[in-house]
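# Residue-level structure breakdown
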Amino acid sequence: MAAATLWLSRMSAADKIGQMTQLDISMVLADGCPLRIDDAKLRRQLRVHRLGSLLNSPFSGTEPRCGSSGWNASEWRATVEHVQAAAADEGLPPLIYGIDSVHGASYCRGATLLPQQLGLAASFDESLAAASGWLTGKDSRAAATPWMFAPILGVATHPLWPRVYETFGEDPLLVARMGAAVVEGMQRRGGEGEIPARAAACMKHFVAYSAPRNGHDREGAWLSRRELEQTYLPPFQAAVDAGVQSAMESYQEVNGEPVVGSAALLQGLLRERLGFEGLLVTDWHEVGNLHDFHRAASSPEEAVLLAIGGSSSLDMSMVPTDESFSVLMERLHARGAIDEARLDVSALRVLRLKEWLGLLPPPPAVRPAPWSHSEATVRLLESGGRASDAAL
């Protein structure tokens, strides 16, 4: 991974924090119709925040937008290539684009739609699972959205949980076998000269998201160590053994501890016990949720410190719809609460995934200097952007 190491050696702290930041595409879209990238918004995110990743579809809601139900592969590719050209102009690495792809590249109009995972599991056919993964990867690469947030490796042990249909069922062995087959199929190399050359699977949601105590989504799981390791870990171990390139942590708490801030689960169990070496991304707004939902942090800044400074395992925050993460990360780094070595570990994992996908060229000889956040900007963001603070 020579290109990744070379890029890292030339990066400032702000650049590295940018690689750890993922924003929703709505943050860079123009208002009105047709749906298109707003160059001013995009340049701001690249120039000020050194952005490393985008996710989601403008059509992820329930209603059509601008007379359309989605972009086809050509429209997706044109949009992503527009973003990549702007990143290159700013002297940044290409962004990695992530999107839910649980039953095919379902946000790409015209792609092959596949059965939900529960239906696929009912076939008990690992070769069919691998073929499904390959189709998903092929269509995702065609759309230039090569980071697939799939497969889901939860073992569905609670019948009231509303996401049972997204799993491979209740048998840890079947979930492990089918999940590993999907990973292998998704990550098969594309044709000669294709960009991206590969697509990356993202096993989720680590861990025990499918075991809510009362059956409600995002409710905490209360499990013995034996139950956790015997029932819920085997599918993730199988995916790691199959070479899965990325992972997503889960929304909930396990035995009272939010997964997103757990060094025991994300470092001790995922990294050390399972041997996972790839990129670890949060689920939607989970760093912020340490303050907003889990109530484990007294402020957004403490939430960032708990997630990034504490676990030493998370690599990317799915922020996704504000600019707070990079601002607070820069502040914590400036005062020494998060050191340069911690940034290096995660930024390198992000860059290595980009290189593995075939996205990462050698860095340019001369790069524009990044902008830095003023103290006034930090205070304004922390205030929620109230009009009374405009004098800042």
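Above this text you will find the structure in question.
Here's a quick rundown of the structure. (Residues numbered from 1 in each chain as written. Predicted model: local features only at pLDDT ≥ 70, side-chain atom pairs only at ≥ 80, totals over all residues. Heavy atoms only, no water.)

Moving on to the pattern of salt bridges. A complete count under the given rule lists 22 salt bridges for this structure. A salt bridge links Glu194 to Arg141; the shortest N-O distance between them is 2.4 Å. Taken together, the residues Glu194 in the loop between α7 (172-186) and β7 (200-206) and Arg141 in helix α6 (residues 126-142) connect sequence positions 53 residues apart. A relative accessible area of 37% means that Glu194 is categorised as partly exposed. Taking the shortest distance from any N to any O, the salt bridge between Glu301 and Arg335 comes out at 2.5 Å. (Salt bridge = Lys/Arg side-chain N within 4 Å of Asp/Glu carboxyl O. Helix = DSSP H or I, 4+ residues; strand = E, 2+ residues; numbered from the N terminus. Buried < 20%, exposed > 50% of the residue type's maximum accessible area, 1.4 Å probe, protein only.)

Here the focus is helix α3 (residues 39-49). Three or more residues of α3 are buried, namely Leu42, Gln45, Leu46, Val48 and His49. Residues of α3 that are buried make contact with α2 (13-19), β1 (21-24), α4 (73-89) and α13 (324-334). One side-chain oxygen at the N-terminal end of α3 lies 3.0 Å from the backbone nitrogen of Ala40; it belongs to Asp38. (Contact = heavy atoms within 4.5 Å. Polar contact = N/O pair within 3.5 Å; in protein donor to acceptor, adjacent residues only side chain to side chain.)

Moving on to the side chain of Ser313. Residue placement: Ser313 occurs in the loop between α12 (300-311) and β12 (317-318). In this structure, Ser313 is in contact with Leu266, Gln267, Arg271, Leu280, Arg342 and Arg349, ignoring residues within four places of it in sequence.

Glancing now at the sheet that holds β1. If you walk across this open sheet you meet the 8 strands as β11-β8-β7-β6-β4-β2-β1-β12, and the pairing is parallel. Looking at the sheet topology across the chains shown, the edges are occupied by β11 (279-281) and β12. Strand direction decides the pairing type here: strand β4 (residues 96-100) and strand β6 (residues 147-149), joined by 3 bridges, are parallel. Following the sheet pairing, Asp100 is matched in β6 by Phe149. (Pairing = 2+ DSSP bridges.)

Attention now moves to the state of the cysteines. Disulfides are covalent bonds that link the sulfur atoms of two cysteine residues. On inspection of all chains with the given rule, the structure shows 1 disulfide. The disulfide partner of Cys33 is Cys66, and the gap between their sulfur atoms is 2.0 Å. Handedness of the Cys33-Cys66 disulfide follows from its S-S torsion of about -85 degrees: it is left-handed. One end of the pair, Cys33, is in the loop between β1 and α3; the other, Cys66, is in the loop between β2 (53-55) and β3 (71-72), with 33 residues separating them in the sequence. You can call Cys33 exposed: its relative accessible area is 54%. In this structure Cys108 is a free cysteine whose sulfur lies 18 Å from that of Cys66, the closest cysteine sulfur available. Residue classification places Cys108 among the buried positions, given a relative accessible area of 9%. Cysteine Cys202 is unpaired, with the sulfur of Cys108 as its nearest cysteine sulfur at 19 Å. (Disulfide = S-S within 2.5 Å.)

So, on to the nonpolar core. One broad trend across soluble globular proteins is that nonpolar side chains are buried collectively. Met203, Phe206, Val207, Ile308 and Met329 are the most contacted members of the largest nonpolar core, which totals 90 residues. Considering each element in turn, this core owes the most residues, 7 residues, to α7. If near-sequence neighbours (up to four positions away) are discounted, Met203 is found in contact with Ala150, Pro151, Leu153, Phe236, Ala239, Val240, Val244, Ser246, Ala247, Met248, Leu270 and Phe276. With 16 residues, the next largest nonpolar core counts Ala200, Val350, Leu357 and Leu359 among its residues. (Core = buried A, V, L, I, M, F, W, Y, C linked by side-chain atoms within 4.5 Å.)

This part covers the environment of Asp283. Relative to the elements of secondary structure, Asp283 occurs in the loop between β11 and α11 (286-292). Classification of Asp283 by relative accessible area gives buried; the value is 7%. Separated by 33 residues in sequence, Asp283 and Ser250 place their C-alpha atoms 6.0 Å apart. Excluding anything up to four places from it in sequence, Asp283 contacts His205, Met248, Glu249, Tyr251 and Met318. Reaching out from Asp283, the side chain makes a polar contact with the side chain of Tyr251 at a distance of 3.5 Å.

As a packed pair, α6 and α7 sit with axes 6 Å apart at the nearest point and diverge in direction by 40 degrees. In terms of crossing hand, the pair formed by α6 and α7 is right-handed. Contacts between α6 and α7 involve Glu126, Ala129, Ala130, Gly133, Trp134, Thr136 and Gly137 from the first element and Arg177, Met178, Ala181, Val182, Glu184, Gly185 and Met186 from the second. A per-class count over the contact of α6 with α7 returns 7 nonpolar, 4 polar and 3 charged. (Axes fitted to C-alpha atoms, helices over the stretch in contact; angles between N-to-C directions. Left-handed = near helix turned anticlockwise from the far one by under 90°. Nonpolar A, V, L, I, M, F, W, Y, C, P; charged D, E, K, R; others polar.)

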